[in-house]
Amino acid sequence: MINKNKLFFPLLMWLSSRIFICIIMLVIVPLIPPLPGGVAAKFGWDVFFSWDSNFYEAIATFGYNYSIPGKQLPSVAFFPLFPLVTHAFMSVGLPFKVAGTLINNLAFLGALIVLYAWMNERHDKQKARWVTASLAWCPLSLFGTVIYSEGLYLLFSTATLKAFDKQQYGWTALWGAIATAARPTGIALIPALMLVSLWERRGVKAYIASLAAGGGLFLFSLYCQVTMGDALAFLHAQKAWRPSLGFDWLRWLKMIMQIVVGTTNWKYGYIKDPWHPLIFAIIIGSASLLWYFRNKLNATKVNYGFACLGLFLWLLAGDPLTNVVMIFGGTYLLWRLRGELSLITVVYGLCGIGMLLASGGTISLNRLSYGIVSLAIACGVLLARDYFWGRAVMGFFAILLASFAVRFAQDQWVA
């Protein structure tokens, strides 16, 4: 049982970050004109409802459809846990938007509590706090408040990893089966658990629990077979968003070129806007000089210099930069900290990222990678080493979180 001391910090992180989001979405955004391409927001539950929320409402209200990609987007691509739980809340009289918002927020709180308890046991209070803060204040934590399934998946995938790390195989099987019914990325849990069981020679119980963790996926596949005649309907439905599997190197090249030369120059195939590549070169050159002369400068000046350059780079490159950093930066961080993190944390993180890279597209990869809790763990452990960079990153997270909240409330694409 988690005592009150272990509840206080995750509750504080959850409450402060959710209040921050709600003030922006419910109070500030309705007072400002919409951004180009956006819609005017109004105070109410509607600000939490957009994009994939439509699919979850349709599933919770009418059930699944499996249509031909290109004619109607198939809702079977979305896993059933969140719609099922939402439908249960709706059956007692709650409107969908109220039920979906409450479920996601409460599940996200549960994820923070489980994560803090796990990190406090495996590491120490300092690292547990930074890890929890990283998950709570990450800009993509917006999706732990709006009507999406991130909260439920983070809760049960984290509980699965924690139970496996403590060799509690009954709980591993139970939480894993629920997690694999929540999101497609839950599939990465199965090979991760199997690989660690093999590497650490854990025995038969670990293998059984690893396979049983796929129970949610198996039941959903069975449902698809019975109702649609296709056990892999959820996989085939992904073609509406990702035509083929594999590493989509063309889209990744586009994303990297958008960072380096800018979207306009990439679109036209020549340097139409010289300012973007020039500013990018100045930022990279300044960072290189700062690194070269770091031993001759005051440490505080060096830190503030890199922090400012990082902020300028984000202002220049925007969303393509966050996608690249989340995926490739996260991969590097997991490998760099592999001796400090638990093996299951590292292996699950790498399996999850590998699955995303092989998915055949780049759409929503920053949001999907946020659901891989290993990345928040690695980020928090790293930030715990340096108080300055911890504060700087959290400040940047808050700025980005605010911008994401504005965009989502105005029905603009976030992730």
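As the structure is a computational prediction, the values presented were derived from the model and not from experiment. (Residues numbered from 1 in each chain as written. Predicted model: local features only at pLDDT ≥ 70, side-chain atom pairs only at ≥ 80, totals over all residues. Heavy atoms only, no water.)

Check the secondary structure of the chain and you find 20 helices and zero strands. For a compact globule of 415 residues, the expected C-alpha radius of gyration is about 22 Å, and the chain comes in at 22 Å, within 12% of that figure. Dimensions of the chain, computed from the C-alpha atoms along their principal axes, are close to 65 × 50 × 40 Å. By the burial criterion, 53% of the 415 residues in the chain qualify as buried. (Helix = DSSP H or I, 4+ residues; strand = E, 2+ residues; numbered from the N terminus. Rg over C-alpha atoms; globule rule 2.2 N^0.38 Å. Buried < 20%, exposed > 50% of the residue type's maximum accessible area, 1.4 Å probe, protein only.)

Next up on the list: the state of the cysteines. This structure, assessed with the given rule, holds zero disulfides. Between C22, a free cysteine, and C138, which holds the nearest cysteine sulfur, the sulfur-to-sulfur gap is 17 Å. In this structure C138 is not part of a disulfide, and its nearest cysteine sulfur, from C379, lies 7.6 Å away. (Disulfide = S-S within 2.5 Å.)

Its volume calculated, the largest pocket comes out at about 1800 Å³. Along its surface, the largest pocket is lined by 48 residues, and G310, V325, W389, V393 and F396 are the ones closest to its centre. Elements that contribute at least two residues to the lining of the largest pocket include exactly α14 (275-292), α15 (299-317), α16 (319-336), α18 (365-370), α19 (373-383) and α20 (387-409). Ranked by the residues each element gives to the lining of the largest pocket, the list is headed by α15, at twelve residues. Within the lining of the largest pocket, the residues separate by chemical class into 37 nonpolar, eight polar and three charged. Forming the walls of the second largest pocket are 28 residues, and the residues nearest its centre are A77, P184, Q238, R242 and L368. Taken together, the elements giving at least two residues each to the lining of the second largest pocket come down to α2 (53-62), α11 (233-236), α17 (343-357) and α18. Class assignment for the residues of the lining of the second largest pocket results in 19 nonpolar, five polar and four charged. (1 Å grid on protein atoms, 1.4 Å probe; cavity = no way out; pocket = protein on both sides within 12 Å on 5 of 7 lines; lining within 4 Å. Points joined across faces, edges and corners; volume = space filled by probe spheres on them. Nonpolar A, V, L, I, M, F, W, Y, C, P; charged D, E, K, R; others polar.)

Tracing the backbone through its elements, the reader meets V76 in the loop between α2 and α3 (81-90). V76 gets classed as buried once you look at its relative accessible area, which sits at 0%. Considered as a pair, V76 and S359 are 283 residues apart in the sequence and their alpha carbons are 17 Å apart. Contacts of V76, omitting those with residues within four sequence positions, involve Y64, N65, Y66, F220, C224, M228, A233, F234 and A237. (Contact = heavy atoms within 4.5 Å.)

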